[in-house]
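Residue-level structure breakdown
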Amino acid sequence: MPWYALYWFLPSTWRTFQFEHRWALWLIPAVAGLFVLRQVLGRRGQQRLRMSLTGAVGTPSRWGKLLSYLRFAMPLSLWVSIGLLLVALARPQLVRQLRQEESAGIDIMLAIDVSSSMTETDLKPNRLAAARQVAQGFLARRRNDRIGLVVFAGEAYSLCPLTTDYALLRQYLRDLSPALIRTTGTAIGDALARGINRLRDSPAKSRVLVLLSDGDNTAGNLDPITVARLATGFNVRLYTIAVGKRPARTRDTLSTAGQFDEGILQSIAKVGRGSFFRATDADQLRQVFAQIDRLERVPVQVRTYEDIQDQYRPYLYWGVVFLLVSLLLKNTVLGNSLED
């Protein structure tokens, strides 16, 4: 924007400024007061000649009226000049702040059970749908973390590698259903192994696997406790979540709603230096993920950069212009006429 543009005098422009020396602005009304005081004292000190006129006094000409108004032009331009120079001295600035957040980030693998028992409705609308919704909320609270997804039933598959593409992860979570894996059973050991395999070469200082299931380890080729011991060697912490209400027991067997064995999930969490949680409804499941979210946080370094642009030059140039105008009015024939 050129210095002579009226843009520099708009209220909207002034609202964007920060002043380095704001005290200089308070001198502007003080200078105006000095000019007024000088004018008052000057008029009182003038000698006046009283004359009695018997005839009618003619009305002043237009030129005379113009000169009477123009006598204020020189002091006014001088005051404007000083005011603008004081604005330049106040050093108006445009300050733009750039905020940059940095964190090391955490690598997290979610291992979610998609077996047929996850369609039970003791969690509304069902166990799998509740887990899916809460996992999506967990994603929304993470920042700078890489997250991956493993699904398992009678077999385990790595559905999504570690990524910061949370939109892609949400799409995978929306598509979770028992139809993904037709093999019956619950291969907890295989699911742990798939997740740990994704995390073992991770450069992150904090590596976490969250396993969510409603059943005992009834399928797969790997023992969950043995895999949990391997996790400690790769510096992977294990959290386990038991989803659903405990099934009612009969004399000889467990309910077919899912053979539930909290002991295996508790043992996995203990060996894996993590924690075990039980979620019997959707609210509890949400609280469990919120607790894991609090536990697995890394410090965030916030750096604030300021881009400062000085804008005093336009007011300095305008101040010089009005100073030249005041000198012109004082040192020309026009200036002499105004003083008479």
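Here, every reference points to the structure presented above.
Residues numbered from 1 in each chain as written. Predicted model: local features only at pLDDT ≥ 70, side-chain atom pairs only at ≥ 80, totals over all residues. Heavy atoms only, no water.

1. So, the overall build of the protein chain
Convention followed: Elements are defined by DSSP. Helices are runs of H or I of four residues or more, strands are runs of E of two residues or more, and each kind is numbered from the N terminus. The buried label applies to any residue whose accessible area, calculated with a 1.4 Å probe on protein chains only, is under 20% of its type's maximum; exposed applies above 50%, and partly exposed to all values in between. Contacts are assigned to residue pairs that have any heavy atoms within 4.5 Å of one another. Every accessible area reported is derived by Shrake-Rupley at a probe size of 1.4 Å, with residue values counting cover from the shown protein chains alone.
Regarding its fold elements, the protein chain presents 12 helices and 9 strands. Looking at the protein chain as a whole, 39% of its 340 residues are labelled buried. Contacts spanning at least 24 positions in sequence make up 82% of the contacts within the protein chain whose residues lie at least 6 apart. On the protein chain, roughly 20200 Å² of surface is accessible, and the fraction owed to carbon and sulfur atoms is 55%.

2. Let's talk about the pattern of salt bridges
When the charged atoms of two side chains lie near each other, side chains of opposite charge can form a pair. For clarity, the cut-off: Every case where a carboxyl oxygen of Asp or Glu lies within 4 Å of a side-chain nitrogen of Lys or Arg is listed as a salt bridge.
One pass over the full model with this rule turns up 9 salt bridges. The residue arginine 91 makes a salt bridge to aspartate 310 at a minimum N-O spacing of 2.9 Å. Remark: aspartate 310 occurs in strand 9 (residues 300-310) and arginine 91 occurs in the loop between helix 4 (73-90) and strand 2 (92-103); sequence separation between them is 219 residues. Take aspartate 310: its relative accessible area is 33%, and that puts it in the partly exposed class. In this structure, aspartate 201 and arginine 200 form a salt bridge, with 4.0 Å as the shortest nitrogen-oxygen distance.

3. Topic: helix 9 (residues 262-271)
Going by this rule: Read the arc as the range of directions from the helix axis to the C-beta atoms.
Residues of helix 9 that are buried: Glu262, Ile264, Leu265, Ile268 and Ala269. For helix 9, the angular spread of buried residues about the axis comes to 165°, placing them on one side. Close packing links the buried residues of helix 9 with helix 7 (188-199), strand 6 (207-213), helix 8 (224-233), strand 7 (236-243) and strand 8 (276-279). The first or second residue beyond helix 9 is arginine 273, which carries a positive phi of 60°.

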